[in-house]
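Fold and geometry: a report
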Amino acid sequence: MSATTAVVAGDDEDGIGAALENAGVDVTRVTGVVSRPQLEEAGVVEADLYVLTDVGQATTIPIVCDLNEDVRTVVYARRTVPEFVKGQLDIAIDPQLMDAEIVADELVD
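The name given to the protein chain in an unreviewed UniProt entry is CTP synthetase, with the source organism recorded as Natrinema saccharevitans.

**Some words on the environment of Val 103**
Within the secondary structure, Val 103 is located in helix H4 (residues 100-108). Classification of Val 103 by relative accessible area gives buried; the value is 2%. Expressed as a C-alpha distance, the spacing of Val 103 and Gln 38, which sit 65 residues apart in the sequence, is 25 Å. Beyond its immediate stretch of four places on either side in the chain, Val 103 contacts Ile 16, Tyr 76, Ile 93 and Met 98.

Here is what the cut-offs are and how they apply
Residues numbered from 1 in each chain as written. Predicted model: local features only at pLDDT ≥ 70, side-chain atom pairs only at ≥ 80, totals over all residues. Heavy atoms only, no water. Helix = DSSP H or I, 4+ residues; strand = E, 2+ residues; numbered from the N terminus. Buried < 20%, exposed > 50% of the residue type's maximum accessible area, 1.4 Å probe, protein only. Contact = heavy atoms within 4.5 Å.

As structure tokens, this is what we get:
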């Protein structure tokens, strides 16, 4: 079985990227204003997970789902997810409620 891959978008102040790496996931990070070409270059077309840490960039979720119908979409952020992306989101977790290490372990299992 090949390694799990993830694209983590946003500043990742709560360390989900590092936690995923510690769980054995190959992580690619995308920061700044995220565009479709950046997502494609980061490997989201083949990724197993798309983890968004900046709810302000929630518009990337429909783009990711369009590029990869098998990707699991995760928001790991303190702010509420906008209504328009909830239908394409697999899970949203507030870092204040669940530690990054626990979330990473659950995502990899």
